[in-house]
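What follows is each chain in one-letter form.
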Amino acid sequence: MANPITFDYDRAFSRNIGWVTLAEQDKLRKSRVAIAGLGGVGGGHLLTLARLGISQFTISDFDEFDVHNINRQAGAFMSTMGQSKLDTLANMGRDINPELDLRLLPDGVHADNVDEFLRDVDVYVDSLDFFALPARRLVFAKCREKGIPALTAAPLGMGVAFLYFRPDGMSFEDYFKVEGFDQQEQYARFIAGLSPAMLNRNYLVAPEAVNFQEKRGPSTIMACDLCSGVMGTSVLKVLLGRGGIRAAPWGMHFDGYHQRLKFTWRPFGNSNPLQRLLLKFIRPILHGKLP
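Since this is a predicted model, take the numbers as computed values, not measurements. (Residues numbered from 1 in each chain as written. Predicted model: local features only at pLDDT ≥ 70, side-chain atom pairs only at ≥ 80, totals over all residues. Heavy atoms only, no water.)

Asker: Any chance you could explain the environment of Glu179 here in plain terms?
Answerer: When you line up the elements, Glu179 lands in the loop between α7 (172-176) and α8 (183-194). You can call Glu179 exposed: its relative accessible area is 57%. Sequence separation of Glu179 and Arg137 is 42 residues, and the distance between their C-alpha atoms is 9.8 Å. At a separation of 2.4 Å, a polar atom in the side chain of Glu179 contacts the side chain of Arg137. (Helix = DSSP H or I, 4+ residues; strand = E, 2+ residues; numbered from the N terminus. Buried < 20%, exposed > 50% of the residue type's maximum accessible area, 1.4 Å probe, protein only. Polar contact = N/O pair within 3.5 Å; in protein donor to acceptor, adjacent residues only side chain to side chain.)

Asker: Explanation requested: the packing of aromatic side chains in the structure shown.
Answerer: By convention here, two paired aromatic rings are described through the distance between centres and the angle between planes. Under the counting rule described, the total for this entry stands at 19 aromatic pairs. Pairing Phe165 with Tyr175 gives two aromatic rings, centres 5.9 Å apart and planes at 75 degrees, and the pair type is edge-to-face. Of the two residues, Phe165 is situated in strand β6 (residues 159-165) and Tyr175 in helix α7; the sequence distance between them amounts to ten residues. There is no split in this pair, since Phe165 and Tyr175 are both buried. Ring geometry for Phe176 against Phe190: centres 5.1 Å apart, planes inclined by 50 degrees, an arrangement best described as tilted. Remark: Phe190 occurs in helix α8 and Phe176 occurs in helix α7; sequence separation between them is 14 residues. Here the aromatic residues Phe117, Tyr124, Phe130, Phe131, Phe140, Phe165, Phe172, Tyr175, Phe176, Tyr187 and Phe190 are joined through ring pairs into a cluster of three or more. A cation over a ring is seen here: Arg189 above Phe181, with NZ or CZ 4.0 Å from the ring centre. One Lys or Arg, Arg246, reaches over the ring of Trp250 and ends 4.6 Å from the middle of that ring. (Phe/Tyr/Trp six-rings, centres within 6.5 Å; stacked < 30°, edge-to-face > 60°. Lys NZ or Arg CZ within 6 Å of the ring centre and 35° of its normal.)

Asker: How should I be thinking about the sheet that holds strand β2 (residues 56-60) in this particular structure?
Answerer: Read across the open sheet, the eight strands follow the order β3-β2-β1-β4-β5-β6-β7-β8; overall the sheet is mixed. Two strands bound the open sheet, and with one partner strand each, they are β3 (101-105) and β8 (260-265). Looking at each pair of strands side by side, their axes are set apart by 15 degrees on average, direction ignored. Bridging between strand β7 (residues 250-255) and β8 involves six bridges; their strand directions are antiparallel. Within β8, the residue paired with Asp255 across the bridge is Arg260. (Pairing = 2+ DSSP bridges. Axes fitted to C-alpha atoms, helices over the stretch in contact; angles between N-to-C directions.)

The following block contains the structure:
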C-alpha cells in the first residue's frame, strides 16, 4: 500500500521558486491579507493567493451560494448551494494549504468590526459587491488611517479594471469623490472611477440585463479569472516590494474581448474634465436609458 501524501509547505510551493526567491516565498508565507467579500472575485482571490503560498488571511462574507452564482464564483457548485460562502471558501483554502491561519468574520465588515478585520494586515484586497459602497468607503478609509495598501480589481465585461491605493498617495475619497451625492450618483461615480477607459462599453449585446434599480448586471467568469491573476501579481509586488505599481490616480484596464490594455491617469479623480464627460454618458444608463 502506497504511503499517503502529506502536506509539506516547501514542496507544495516549490514551483513558485524561480519567479520568487526562497526568502521571498518565506515572506509571502508570513504575510496576512484581508479579503472582504468572497463572491465573484473574492473567492478567486483567496484561492490564487493561497496557491501563491500566502498563509494568513482575514476573510469576511455574510452571504450564501445560490444558483445565479454558478457562472462566475469560485466556490459555487451544486454541492455548495445554500451554504455559507465564508465557510465554503475557508474549507477550499485549507484544502490547498492545511496550515492556513484563517480569521473568519461571518457578519461582513462594518463599523463595529473593521478594526478587528484589519488587525495585523499587510494588504487589503477589495472584493465587496459593487453596490456595497458604504462598507467599501469605510474599509478604504480605515486602510489609509492604518497605513495598509488597498487594491481593487473589478470584473468588467470580459476584462479587468485595476486600482491601487497607496497609504501615502491619493485616497479613495479624493479619487472617487462620492461624498454628499445621492446613491445613484455615487454608483455613477464609482463606475467612472473604476474604469475611465470603458473598454467594455461597446459589446454589451443585451442591455436590458443591466438594472441598477434591482442591483443586478451581467458578469463573466473570464473577467473574474483575469481579476484574480492581476490581483495575485499585484499583491506579490506590494508584499515583496519588487516592481512598481502605478497608484491612483493611475488606473489600468485590460479587456480580453478587444485584446486591449490601457492605462489611465486622472488627476483630481472624478473632478477631472474627462471624468465629467464620462459621467454624462454613465448617468442615463443608471436610470435605464441605455444607448
